[in-house]
Amino acid sequence: MCGICGYVGIREDGLLERMTGALTHRGPDGSGYFRSEDAGLGHRRLSIIDVAGGHQPMENEDGSLILIANGEVYNFRELREELLACGHRFRTKSDCEVILHLYEDLGPQCLQRMLGMWAFAIYDKNRRRLFLARDRLGIKPLYYVHLNGRFLFASEFKAILRYQGFQPSLNPHAVHEYLTLRYVPGPDGMFRELRKLPAGHYAIVEDGRVTLTRYWTPQLYDGPFDRSQQSYVEEFAERFERSVQRRMISEVPLGAYLSGGLDSSTIVAYMSKLVNHPLRTFT
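Keep in mind that what you see is a predicted model, and the values were worked out from it rather than measured.

**Q** What am I meant to see in the sheet that holds strand 7 (residues 129-134) here?
**A** Hydrogen bonding along the main chain pairs the strands of a sheet, whether they run parallel or antiparallel. Spatially, six strands are ordered 4-5-6-7-11-12 in an open sheet, and the strand pairing comes out antiparallel. Of all the strands in the sheet, the pair left with one neighbour each is strand 4 (58-59) and strand 12 (209-214). Its contacts with the sheet put helix 3 (residues 95-106) on strand 4, strand 5 (65-73), strand 6 (116-124) and strand 7, and the angle it makes with strand 5 is roughly 130°.

**Q** What's the story with the sheet that holds strand 1 (residues 3-8) in this structure? I'm lost.
**A** Strand order in the open sheet formed by six strands is 2-3-1-9-8-10, and the pairing between neighbours is antiparallel. Each edge of the sheet is formed by a strand with only one pairing partner; in this case those strands are strand 2 (31-35) and strand 10 (194-196). Shown here is a sheet whose adjacent strand axes are inclined to one another by a mean of 15°, direction ignored. Looking at chain direction, strand 1 and strand 9 (residues 150-154) are connected through four bridges and run antiparallel. Its bridge partner lying in strand 9, G6 is registered against F153.

**Q** What am I meant to see in the packing of aromatic side chains here?
**A** The geometry of an aromatic ring pair comes down to the distance between the two centres and the angle between the two planes. Within the structure shown, the criterion is met by 13 aromatic pairs. Taking 4.9 Å as the distance between ring centres and 35° as the angle between the ring planes, the aromatic pair formed by Y103 and F131 counts as tilted. Of the two residues, Y103 is situated in helix 3 and F131 in strand 7; the sequence distance between them amounts to 28 residues. A network of ring pairs unites the aromatic residues Y103, F120, F131 and Y202 as a single cluster. Over the ring of F90 we find R80, and its NZ or CZ is 4.5 Å from the ring centre.

Scoring rules and cut-offs
- Residues numbered from 1 in each chain as written.
- Predicted model: local features only at pLDDT ≥ 70, side-chain atom pairs only at ≥ 80, totals over all residues.
- Heavy atoms only, no water.
- Pairing = 2+ DSSP bridges.
- Helix = DSSP H or I, 4+ residues; strand = E, 2+ residues; numbered from the N terminus.
- Contact = heavy atoms within 4.5 Å.
- Axes fitted to C-alpha atoms, helices over the stretch in contact; angles between N-to-C directions.
- Phe/Tyr/Trp six-rings, centres within 6.5 Å; stacked < 30°, edge-to-face > 60°.
- Lys NZ or Arg CZ within 6 Å of the ring centre and 35° of its normal.

Structure follows, in structure tokens:
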């Protein structure tokens with residue numbers, strides 16, 4: 001877990017530090033900042049991959065693109081090899097730097113190539129354009145507020161509240177939804193001005209406008225089930241193990257929370273097949 005935040009169209013001394021400071025609990029291992037004339041990006045880091053070198057914000061080769069990210073790209077090693085073959089130069093071994101160079105080549109289409117969970121922002125200094133993206137299922141959070149050309153975003157809403165020019169107003173409909181469902185469905189938030197970037201979407205902020213685009217929709221199978229039950233069971237087991245294995249890439253110790261249910265128990269069972277030492281579990 002890391003924390004990201006930023007803004008465009010705002011000039012306020014100390015704002016970036018206040019916003020980033022509100023996310024310290026999400027990233028106790030370090031902080032970083034990028035500032036331009038009317039834009040800022042802040043990052044709080046929890047070190048998982050490339051502990052020594054993966055500090056953010058990150059720049060591409062010519063410094064025109066700036067990245068901050070929360071999450072992990074599971075297939076970053078394969079993508080890194082492709083990008084190196086295309087002539088890209090990497091400053092770190094971080095999985096997040098892959099996002100930066102992939103976006104440089106493909107723009108928003110880079111999201112189609114990535115497997116993982118993420119909420120990230122890329123600021124294009126030359127175009128003065130901000131690109132935001134959230135993973136397919138919305139595992140990583142990303143909130144934003146758009147106020148007459150001023151735009152703020154963060155992993156948690158409390159960081160946006162650090163902006164002195166923002167006076168939020170309660171959203172009664174969201175309060176009703178929270179008391180009924182125990183959560184507020186997106187894209188609404190607890191305040192009228194607050195929005196959540198929907199899962200499977202990206203946003204472009206440019207010239208005071210915000211444009212949302214859906215880049216992924218789940219594809220439901222509607223064909224015939226013409227194989228044996230055993231073959232489906234075996235394929236599911238293979239896919240499940242591969243999925244667990246992708247999520248175990250780390251330079252720091254891994255553990256698992258056990259709820260006592262089938263889901264977490266099955267995940268830990270497969271994790272135990274992939275390591276030769278006892279797993280750290282918490283319940």
